[in-house]
Amino acid sequence: MKNTTSNLQKNNRIAIIGGGPGGLTLALILQRHDIDCVIYERGFAESIRDQGGTLDIHKDSGQLALKEAGLLEAFHKIARYEGEDLLLVDKHGTVYRKEVDDTGKEGERPEIDRGALCELLLNALDPQRIRFGYKFIAATPLENGKHELHFENGHVDTVDLVVGADGAFSKLRPLLTDASVEYSGLSMVELNIEDAVNQHSDLISFNGRGSMIALSDNKGILAQLNGNGQIRVYLSFCADRNWVDMNGIPLDKPQVAKHEFLKLFDDWDEMLKNYIRYAGDRIVTRRIYMLPIGLTWESRKGITLLGDAGHLMSPFMGEGVNLSMLDASVLALSLVKYGDFEESILSYERRMYEYSSPLAEMSDDSLKRFFDDNGASRVRDWFEQMEQGDQNEG
Ligand SMILES: Cc1cc2nc3c(=O)[nH]c(=O)nc-3n(C[C@H](O)[C@H](O)[C@H](O)COP(=O)(O)OP(=O)(O)OC[C@H]3O[C@@H](n4cnc5c(N)ncnc54)[C@H](O)[C@@H]3O)c2cc1C
């Protein structure tokens, strides 16, 4: 007979590295099944709650995981269904697609700010199950699948299962694979328009209640209205990896930097340039990285990865957070079902490869579609093909 869950409850230590959406969801589902575990998170509760950006949570992945965590109803109460609205334009402001749902019906991909999602998860978690300020630095494999974990603050823990939910630059990943993240060819400059709802009604009426995507000439201005009334803006460029460091734009002088960014969008519509003009002084650069598509590794007892740590992909399908949470749910339920680390990890990893690899491929295709000479028309055509496919299936 197989081991039972109670064996996991009594005799084993499980550590989760990283308290992002994936790690928190895993800990919560294990908590619901009375399986002990601890999250080691390098940041602090306030920083996790404060992280910005809005995420759409999909019915067939992120929402499934929230259901397993017992939080689906609470999520529905704070989710922004109007955030699903979309405006797709080119550099002249010509509209290629406009989605506005005023039927009051609940769509399948409501939005939530990342901070609000993490707060929802954190508030439901027993505080004993998460340790903040513990930066994981290395793990030593021991006998029988155990690992000795080392943290920057000197803490050492020996565990039976360690789960790497530590994001794109996972420190646990090298124990399972030599693969590492590669630069995707896309760099972003993140800007914020504080209190746009009250301060910039012209931009709000253009942007609408959800996302605005302006694409032309292999560049983009991507904007999302967040729940707190700010607009988060991502200026996006196909560029060499060192562009963000070598472009000579002084980010510590925001007015000068914004002037330089405006020059890069010189021939774009004035309303689109307002996304740069109205932005505050906080400017953050990001390179978009991805793991090799279809990455797998030899399964090992006592260690696995989930979310971005296992399948970092381009964000242009909006799948990342949803897959992290789905992974968490599949892994937790596999542990509950098998009560044995070897079998449950093998089963989880097999399923995770199956559903994440095609989505990683689609996300990569989507990046290429967005940042084409005629990104707006390519993205519109793609939406229409998808709708046609859905109708044919239906
Ligand atoms: C610009 C941009 C836009 C995006 N937009 C979307 C979107 O619209 N929809 C979507 O689904 N996804 C989006 N994503 C992707 C999404 O943010 C990620 O896929 C998701 O956050 C992954 O969750 P995770 O829990 O696996 O990892 P993370 O969210 O990266 O969490 C990892 C956690 O581990 C902690 N950690 C890291 N290293 C250590 C360490 N050494 N020790 C201890 N703790 C550690 C971190 O502090 C963090 O809390 C976007 C990403 C980017 C860059």
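The shown structure was predicted, so the numbers you read here are calculated from the model rather than taken from an experiment.

Colleague: Give a detailed account of the overall build of the protein chain, specifying residues and quantitative values.
Modeller: When helices and strands are tallied, the protein chain shows 15 helices and 17 strands. Here the protein chain has a C-alpha radius of gyration of 22 Å; the compact-globule value for 394 residues is 21 Å, and the two agree. Its C-alpha atoms put the protein chain at 65 × 50 × 35 Å along the principal axes. Taken across its 394 residues, the protein chain has 53% of its residues classed as buried. As displayed, the protein chain offers around 17900 Å² of accessible surface, 46% of which is attributable to carbon and sulfur atoms. Distance from the positive charge centre (43 side chains) to the negative charge centre (63 side chains) of the protein chain: 3 Å.

Colleague: Now, about the side chain of Asp-85: what can you tell me, with residues and values included?
Modeller: For Asp-85, the location among the structural elements is in the loop between helix 5 (72–78) and strand 4 (86–89). Within the local environment of Asp-85, its side chain forms a polar contact with the side chain of Arg-209, the two groups lying 2.7 Å apart. Residues contacting Asp-85, with those up to four places away along its chain left out, are Glu-99, Val-100, Asp-101, Arg-209, Gly-210 and Ser-211.

Colleague: Report on the pairing of strand 10 (residues 156–159), specifying residues and quantitative values.
Modeller: Along a regular strand, successive side chains alternate from one face of the sheet to the other. Residues of strand 10 alternate between two faces, with Asp-157 and Val-159 buried on one and Val-156 and Thr-158 left unburied on the opposite face. As judged from the four bridges shared by strand 9 (residues 147–151) and strand 10, these two strands associate in the antiparallel manner. From the neighbouring strand, Leu-149 faces strand 10, where its bridge partner is Asp-157. Adjacent in sequence and paired antiparallel, strand 9 and strand 10 are bridged by four residues, among which Gly-154 carries a positive phi angle near 95°.

Colleague: Could you give me a rundown of helix 13 (residues 320–338), with the residues and numbers involved?
Modeller: Between its terminal C-alpha atoms helix 13 stretches 27 Å, which fits the 27 Å expected from 19 residues at 1.5 Å a residue. Phi turns positive, to about 60°, at Gly-339, one or two residues after helix 13.

Colleague: Can you tell me about the packing of helix 2 (residues 21–32) against helix 13, naming the residues and giving the values?
Modeller: Packing of helix 2 against helix 13 leaves a shortest axis separation of 8 Å and a crossing angle of 30°. Here helix 13 runs roughly parallel to helix 2, going by the angle between their axes. The way helix 2 lies across helix 13 gives a crossing that is right-handed. Contact with helix 2, carried on its side by Pro-21, Gly-22, Thr-25, Leu-26, Ile-29 and Leu-30, involves Val-321, Ser-324, Met-325, Ala-328, Ser-329, Leu-331, Ala-332, Leu-333 and Leu-335 of helix 13 and no other residues of that element. Of the residues in the contact of helix 2 with helix 13, the class split is eleven nonpolar, four polar and no charged.

Colleague: Tell me what's going on with unusual backbone geometry, and back it up with residues and numbers.
Modeller: Peptide bonds are trans in most cases, and residues, glycine excluded, mostly fall at negative phi. Not every positive phi belongs to a glycine, and Asp-34 is a case in point at roughly 60°. Summarising the element assignment, Asp-34 is placed in the loop between helix 2 and strand 2 (38–41). Asp-34 sits in the exposed class, given a relative accessible area of 54%. Non-glycine residue Asp-217 carries a positive phi angle of around 50°. Tracing the chain through its elements places Asp-217 in the loop between strand 13 (211–216) and strand 14 (219–225). Judged by its relative accessible area of 32%, Asp-217 is partly exposed.

Colleague: Lay out the sheet that holds strand 8 (residues 136–141) with the relevant residues and their values.
Modeller: Pairing is antiparallel in the open sheet, where three strands are placed in the order 8-9-10. Edge strands, defined here as strands with exactly one partner in the open sheet, are strand 8 and strand 10. Across the sheet, the mean angle separating the axes of adjacent strands is 20° when strand polarity is ignored.

Colleague: How would you sum up the pattern of salt bridges? Please name residues and give values.
Modeller: Scanning the entire structure with this criterion turns up 19 salt bridges. Of the charged contacts in the structure, one is a salt bridge between Arg-282 and Glu-190, with a shortest N-O distance of 3.7 Å. With Arg-282 in the loop between helix 11 (270–277) and strand 16 (284–290) and Glu-190 in strand 12 (residues 182–193), this pair connects stretches of sequence that are 92 residues apart. The class of Arg-282 is partly exposed, set by a relative accessible area of 46%. The partner of Arg-380 in a salt bridge is Asp-381, and the shortest N-O contact between them spans 3.3 Å. Connected via shared salt-bridge partners are Glu-190, Arg-232, Arg-282 and Arg-286.

Colleague: Outline the site of the ligand, supporting the account with residue identities and numerical values.
Modeller: Around the ligand sit 31 residues, and of these Glu-41, Arg-114, Asp-308, Val-321 and Ser-324 come closest. A distance of 2.7 Å separates an oxygen atom of the ligand from a polar atom in the side chain of Glu-41. Contacts to the ligand include Val-321, whose backbone N or O atom sits 2.9 Å from an oxygen atom. If the ligand stood free it would expose 1000 Å²; the protein chains cover 85% of that surface. For the shell around the ligand, the secondary structure elements donating two or more residues are helix 2, strand 2, strand 3 (54–56) and helix 13. With four residues, helix 13 is the largest single contributor of residues to the shell around the ligand. Of the residues belonging to the shell around the ligand, the class tally is eleven nonpolar, eleven polar and nine charged. Two domains each donate at least three residues to the shell around the ligand, and these are domain 1 (5–80 + 108–181 + 291–370) and domain 2 (184–289).

What counts and what doesn't
Residues numbered from 1 in each chain as written. Predicted model: local features only at pLDDT ≥ 70, side-chain atom pairs only at ≥ 80, totals over all residues. Heavy atoms only, no water. Helix = DSSP H or I, 4+ residues; strand = E, 2+ residues; numbered from the N terminus. Rg over C-alpha atoms; globule rule 2.2 N^0.38 Å. Buried < 20%, exposed > 50% of the residue type's maximum accessible area, 1.4 Å probe, protein only. Areas by Shrake-Rupley, 256 points an atom, 1.4 Å probe, with all protein chains shown as cover. Lys, Arg positive; Asp, Glu negative; His and termini not counted. Charge placed at Lys NZ, Arg CZ, Asp CG, Glu CD. Polar contact = N/O pair within 3.5 Å; in protein donor to acceptor, adjacent residues only side chain to side chain. Contact = heavy atoms within 4.5 Å. Pairing = 2+ DSSP bridges. Expected span 1.5 Å × (residues − 1). Axes fitted to C-alpha atoms, helices over the stretch in contact; angles between N-to-C directions. Parallel < 35°, antiparallel > 145°, perpendicular 65-115°, else oblique. Left-handed = near helix turned anticlockwise from the far one by under 90°. Nonpolar A, V, L, I, M, F, W, Y, C, P; charged D, E, K, R; others polar. Salt bridge = Lys/Arg side-chain N within 4 Å of Asp/Glu carboxyl O. Near = heavy atom within 4 Å. Domains from an automatic or database assignment.

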